[in-house]
Amino acid sequence: MTLAELLPTYRRSLPEKLCTSVWPTSAEAMPSGDLVVSGVSLTELADRFGTPGYLLDVPTVRERCRAYRALDAEIAYAGKAFLCRRMARLIAEEGLSLDVCSAGELATALSAGFPAERILLHGNAKTHQELRAAARAGVGRVVVDSLAEIDRIPGPQDVLVRVTPGIDGRTHRAVATGVEDQKFGLSLAGGQAAVAVARVLARPELRLVGLHCHLGSQIAEVSGYEEAVRRLVAFLAEIAVRHGVTLPQLNLGGGHAVAYCPGDAAFDLPGFAARIPRVLAYECRKHGLVPPRLTLEPGRAIAARAGLTLYRVVTVKHSSTRTYVAVDGGFSDNPRPELYGSRYTARLVGRTSDAQKRSMSVVGRHCEAGDVLIPDAQLPSDIRAGDLLAVPCTGAYHHSMASTYNLVPRPPVLALEDGTTEVWIRRETEADLLHRDIA
Ligand SMILES: *Cc1c(COP(=O)(O)O)cnc(C)c1O
């Protein structure tokens, strides 16, 4: 018999365990019901900085960077997951390269002093201005995503050709980018990839350094990447035969899945580390090629679990069939439930409750019936206005996808490390909103 079974009062004071696959590494549940991340009390943080707020546990970001850096590959963080100057500096410190996909992301990275030669520029519709900005900055590589673009890239420039390998990474349609017939990349089967390679090689100011592919996002299995290696190495061999060039880089993109809810499958990084170099070596030997250097581009897998969103409950409404817990954020700080049907969990923070847990809907504050953050959250039935709720795994594609819908200002990003809080991005204000509005 455990102590908790012997003493009901003791059981009551035991905080419910945090699932380590969805919460930041440093998160601790306290007997008071508070949650402490990197030594910082979230209750105090909410009082000091207000809600809603995005919190980022810096040690978790570092740990994820280091897990990837242990692989024999160049790791380029996909900045679209979450980028600000402090994040760019952290990524640089951890020795990663950086993917950007717009002039804004590029300007942010450069302003942080991120080394230009370690930046890759992506985009299926790069504008003249963006290509010129990249050239001015001396960006290391531009990833060619269309035939028309090849003539527009200012030289001298190292480039990769983005290939659509025709592989279904088995993910949501909106983020499946490896399949044929879509807006990204140049088709391998359709021959456009071969045309692009020939065109790049025909421009002496461009140096073709490799191939790129990105299968999509939230992919848990390694097998799609193995198939990508097979197809791209076969294409490298074809290029070697036809043009007499050996390309030194193979970029397998990102898309490594994270767990948003306990029990979700996360990407099998150890499996990837064990299997991919062997497949690469085998395929290259088969075709008589020197293995190219691998580049990986994780975004979500670096930042997602480091982040959480802290909301305050504004009102609780009981209908005949459901309880609606309305918080002070929603669609504007997290559009993913509406975009992809993404699932999340929530946890009561700041007090304990013995009330029975029940399924209820955590809804946002926006003027859309679809603004439902979590349709079936398990929360104590005595949940009430003023309570704090923490939603884990919001470090990637949350702040970067946030909007000011309903003219609701965007939440701050607060970085936590060693018991201290740093404001990386301050809360947007109504004055900020009015600033762009020319009266
Ligand atoms: C979005 C994207 C990534 C990162 O995807 P994650 O799912 O965040 O790992 C990497 N490379 C390219 C080209 C992308 O478009």
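Predicted, not measured: the structure shown is a model, and the values here were computed from it.

Chemist: Looking at this structure, how should I read the nonpolar core?
Modeler: Here is a general trend for soluble globular proteins: nonpolar side chains tend to be buried in one another's company. If you look at the biggest cluster of nonpolar residues, it comprises 105 residues, and the most contacted ones within it are Y77, M87, V161, L211 and W424. Tallying contributions element by element places helix α10 (residues 223-243) first for this core, with nine residues. Lining this core are residues from two domains, each supplying at least three of them: domain 1 (10-56 + 305-435) and domain 2 (58-302). Residues in contact with L211, not counting those within four places in the same chain, are L160, V161, V163, V197, L232, F235, L236, I239, L247, Q249, L250 and N251.

Chemist: It is not clear to me how the site of the ligand should be interpreted in this structure. Could you clarify?
Modeler: Lining the immediate surroundings of the ligand are 16 residues, of which K80, S217, G255, E297 and Y397 lie closest. A distance of 2.5 Å separates an oxygen atom of the ligand from a polar side-chain atom of K80. At 2.8 Å from a nitrogen atom of the ligand is found a side-chain nitrogen or oxygen belonging to E297. For the ligand, the accessible surface in isolation is 390 Å², of which the surrounding protein chains cover 93%.

Chemist: For this particular structure, what's the right way to read the sheet that holds strand β1 (residues 28-29)?
Modeler: Overall, antiparallel pairing links the three strands, which are arranged β1-β2-β3 in an open sheet. This sheet does not close on itself; its edge strands, each paired only once, are β1 and β3 (40-41). Two elements, strand β2 (residues 35-37) and β3, share two bridges in a ladder whose sense is antiparallel. Among the inter-strand pairings, V37 is bridged to a residue of β3, identified as V40.

Chemist: What is the right way to read the packing of helix α9 (residues 192-201) against α10 from this model?
Modeler: Geometrically, a packed helix pair is captured by the angle between its two axes and the distance between the axes. For the pair α9 and α10, interaxial distance at closest approach is 11 Å and the crossing angle is 45°. It follows from the interaxial angle that α9 and α10 lie oblique. Judged by the twist between their axes, the crossing of α9 over α10 is right-handed. Touching A193, A194, V197, A198 and L201 of α9 are F235, I239, R242 and H243, all from α10. Looking at the contact of α9 with α10 residue by residue, the classes come out as seven nonpolar, one polar and one charged.

Analysis parameters
- Residues numbered from 1 in each chain as written.
- Predicted model: local features only at pLDDT ≥ 70, side-chain atom pairs only at ≥ 80, totals over all residues.
- Heavy atoms only, no water.
- Core = buried A, V, L, I, M, F, W, Y, C linked by side-chain atoms within 4.5 Å.
- Buried < 20%, exposed > 50% of the residue type's maximum accessible area, 1.4 Å probe, protein only.
- Helix = DSSP H or I, 4+ residues; strand = E, 2+ residues; numbered from the N terminus.
- Domains from an automatic or database assignment.
- Contact = heavy atoms within 4.5 Å.
- Near = heavy atom within 4 Å.
- Polar contact = N/O pair within 3.5 Å; in protein donor to acceptor, adjacent residues only side chain to side chain.
- Areas by Shrake-Rupley, 256 points an atom, 1.4 Å probe, with all protein chains shown as cover.
- Pairing = 2+ DSSP bridges.
- Axes fitted to C-alpha atoms, helices over the stretch in contact; angles between N-to-C directions.
- Parallel < 35°, antiparallel > 145°, perpendicular 65-115°, else oblique.
- Left-handed = near helix turned anticlockwise from the far one by under 90°.
- Nonpolar A, V, L, I, M, F, W, Y, C, P; charged D, E, K, R; others polar.

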